Amino acid sequence: MDKIKHSLLLNLADYSETIHLALEGVNLDLDERMFYLGHLAMCARIFKAVYLNQTSETLESMISIETSSFKLGTPRNARGDLSREAWELFSMSLFSYIESVRTRSNI
């Protein structure tokens, strides 16, 4: 596995741990549980797409879905803020990965 992919998957593990901790928090209502479960499911989809070398368009679609979800549905509390920040950090590394894949494809 190349270094860039390995780094991205480590970043994905960190992001998914943040979402996992948010999900395991106390006093979550059903809507919050579903919100965080959806993000954990997307973590699995991103992992599969990266691991199986799926197209950058597939990853960009996932970024769009996740970004929209965080803009529209993030709970307004500290847990939601931390989760959104974790997504913003991870999405930057995902964009970098996509660019590196495109650069290698054009060589």
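Analysis parameters
- Residues numbered from 1 in each chain as written.
- Predicted model: local features only at pLDDT ≥ 70, side-chain atom pairs only at ≥ 80, totals over all residues.
- Heavy atoms only, no water.
- Salt bridge = Lys/Arg side-chain N within 4 Å of Asp/Glu carboxyl O.
- Helix = DSSP H or I, 4+ residues; strand = E, 2+ residues; numbered from the N terminus.
- Buried < 20%, exposed > 50% of the residue type's maximum accessible area, 1.4 Å probe, protein only.
- Core = buried A, V, L, I, M, F, W, Y, C linked by side-chain atoms within 4.5 Å.
- Contact = heavy atoms within 4.5 Å.
- Phe/Tyr/Trp six-rings, centres within 6.5 Å; stacked < 30°, edge-to-face > 60°.

S.K.: What should I look at first to understand the pattern of salt bridges in this one?
M.R.: Side chains that differ in charge, positive against negative, can pair when their charged atoms come close. Taken as a whole and assessed by the stated rule, the structure comprises four salt bridges. Here Arg104 ties to Asp2 by a salt bridge, and the two come within 2.7 Å at their closest N and O atoms. With Arg104 in helix 4 (residues 78-105) and Asp2 in the segment before helix 1 (3-23), this residue pair connects regions lying 102 residues apart in the sequence. Between Arg84 and Asp81 there is a salt bridge, with the nearest N and O atoms lying 3.4 Å from each other. Taken together, the positions of Arg84 and Asp81, both in helix 4 and three residues apart, correspond to about one turn of that helix.

S.K.: Please explain the environment of Glu99 as it appears in this structure.
M.R.: Turning to its location among the elements, Glu99 is positioned in helix 4. Residue Glu99 is classed as partly exposed on the basis of its relative accessible area, which comes to 45%. Counting along the chain gives 52 residues from Glu99 to Phe47, while the straight-line C-alpha distance between them is 17 Å.

S.K.: Could you clarify how one ought to interpret the nonpolar core in this entry?
M.R.: A general tendency of soluble globular proteins is for nonpolar side chains to be buried together. Counting 25 residues, the largest nonpolar core has Tyr15, Ile46, Leu59 and Phe90 as the members making the most contacts within it. Of all elements in the fold, only helix 1, helix 2 (30-51), helix 3 (56-73) and helix 4 reach the threshold of two or more residues within this core. Not counting residues within four places of it along the chain, the set of residues in contact with Phe90 comprises Leu8, Asn11, Leu12, Tyr15 and Ile46.

S.K.: Would you mind going over the packing of aromatic side chains with me for this structure?
M.R.: Geometry of an aromatic ring pair is reported as the spacing of the ring centres plus the angle between the planes. Counted by the stated rule, this structure contains seven aromatic pairs. Judged by centre distance (5.1 Å) and plane angle (80°), the rings of Phe35 and Tyr36 are edge-to-face. Overall, the relative accessible area of 11% leaves Phe35 in the buried class. With a relative accessible area of 0%, Tyr36 lands in the buried category. Geometrically, the ring pair formed by Phe47 and Tyr51 is stacked, given 5.6 Å between the ring centres and 15° between the ring planes. A residue pair is termed a helical-turn pair when its members lie 3 or 4 positions apart in one helix, as Phe47 and Tyr51 do in helix 2 at four residues.

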